[in-house]
Structures are given as C-alpha cells and as structure tokens.
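Tertiary structure, described
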Amino acid sequence: LFRSPQNPWPEREMTRDVPPMRPCPNALAALGVPAKKWLTRIDLYHQLKAAQTYLETAPLEESSICQAAMEAGLSLHHFIRNFHELFGVTPHQFLGKRRIEVAKQKLKESDLTVTEIALEVGFKDLSAFGREFKSETTQTPRQYRKSSRA
C-alpha cells in the first residue's frame, strides 16, 4: 500500500466526514522517536510498540530480545538503540523488570522455593536473581514473600 501525506494510513477507509488522523511529527519527536521524516517516525514508533508488546508477552529468555528485533524489522543494534531512545530503558532492562514482576507474582501466589522461581523466570543463578530483585524492590525475595503474605 502506498502512503502519502494526504493518506498516511491507506489501510483505513477514508470517509468524507472524518479527516484522516495524522499524528503530529513534533509530538513523536518529543516522545523520542529518532527519525527526521514524520512518516518514518510513525513507522518506527509502531515497529517499536509492536516489539514492546512482543516482549511483554514473550517467554522470559534472552533470545526473545532478538525475536523482538525481528518483530520490529530492525537489526539488533538499531533496535536496542531506538528502543532505549523511545522508552528510556534498554530491552534487556525492560526484560529484567518484567522478570522481577513475574517473580513477585509467583512469590505471592505459589509455594515454590525462591530458587525454583528464579530459574523459572529466566535467571541463571540465585545470586543474580537476589541482587536484581533487591535492587528493584529493596527487599530480598524471602522478605518480600513474608511481607506480601502477612
């Protein structure tokens, strides 16, 4: 489909009553979408949002970052750089925060050991899990489990 300034979303049906929605290029620039042309900004924004959605629903593995880059249609280097510019965190940090959120949920709801939860959410060892968990929540996993069940 061909995009033009008059019709940036050709897949949408144009009606005479409603003018086409056109995002402000300056607003996308303020969001941090790193592109000079406004159509490129729109496309890049949608690509990165699709990758973010993929990371939110994907398995908690490092390879999912490569898959998200493929989902966005960008090279790994460009994906990491543009993701960081737009969302303020790298995909690795985003995935780490997501892992901690899943671990917090499992600590509240399940009776699995802390080690089992750490391995289940994608950490290679218990010390890395404990260090990252404490930096995010200011509590150790065991302290968090006790306080959440009290």
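Here goes a summary of the coordinates provided. (Residues numbered from 1 in each chain as written. Predicted model: local features only at pLDDT ≥ 70, side-chain atom pairs only at ≥ 80, totals over all residues. Heavy atoms only, no water.)

Counting its secondary structure elements, the protein chain contains eight helices and zero strands. Tracing the protein chain from N to C terminus, the helices and strands come up as α-α-α-α-α-α-α-α. Burial statistics for the protein chain: of 150 residues in total, 33% are counted as buried. Considering only intrachain contacts with a sequence separation of at least 6, the fraction spanning at least 24 residues in the protein chain is 48%. Just so you have it, the protein chain exposes about 9,600 Å², and 55% of that area is on carbon and sulfur atoms. (Helix = DSSP H or I, 4+ residues; strand = E, 2+ residues; numbered from the N terminus. Buried < 20%, exposed > 50% of the residue type's maximum accessible area, 1.4 Å probe, protein only. Contact = heavy atoms within 4.5 Å. Areas by Shrake-Rupley, 256 points an atom, 1.4 Å probe, with all protein chains shown as cover.)

Turning next to the packing of aromatic side chains. Tallied over the entire structure, the rule returns six aromatic pairs. Considering the side-chain rings of F129 and F133, the 5.6 Å spacing of their centres and the 50° angle between planes classify their relative orientation as tilted. Taken together, the residues F129 and F133, both in helix α7 (residues 126-137) and four residues apart, mark about one turn of the helix. By relative accessible area, which is 0% here, F129 ends up buried. You can call F133 buried: its relative accessible area is 0%. Aromatic rings pair up to connect F79, F83, F87 and F94 into one cluster. The ring of F123 has R99 sitting right over it, with the charged end atom 5.5 Å from the ring centre. (Phe/Tyr/Trp six-rings, centres within 6.5 Å; stacked < 30°, edge-to-face > 60°. Lys NZ or Arg CZ within 6 Å of the ring centre and 35° of its normal.)

Before going further, it helps to spend a moment on helix α5 (residues 91-109). With 19 residues, α5 should cover 27 Å at 1.5 Å per step; its first-to-last C-alpha distance of 27 Å lies within 8% of that length. All of the buried residues along α5 are P91, F94, L95, G96, R98, R99, I100, A103, K104 and L107. (Expected span 1.5 Å × (residues − 1).)

On to the side chain of R145, then. Turning to its location among the elements, R145 is positioned in helix α8 (residues 141-149). Look at R145: it is buried, it has no salt bridge, and the nearest opposite charge is D111 at 5.8 Å. Non-local contacts of R145, meaning those with residues more than four positions away in its chain, are made with K106, L107, S110, D111, L112, T113 and I117. (Lys, Arg positive; Asp, Glu negative; His and termini not counted. Salt bridge = Lys/Arg side-chain N within 4 Å of Asp/Glu carboxyl O.)

A few words on unusual backbone geometry. Its identity is not glycine, yet T138 carries a phi of approximately 60°, on the positive side. Along the chain, T138 falls in the loop between α7 and α8.

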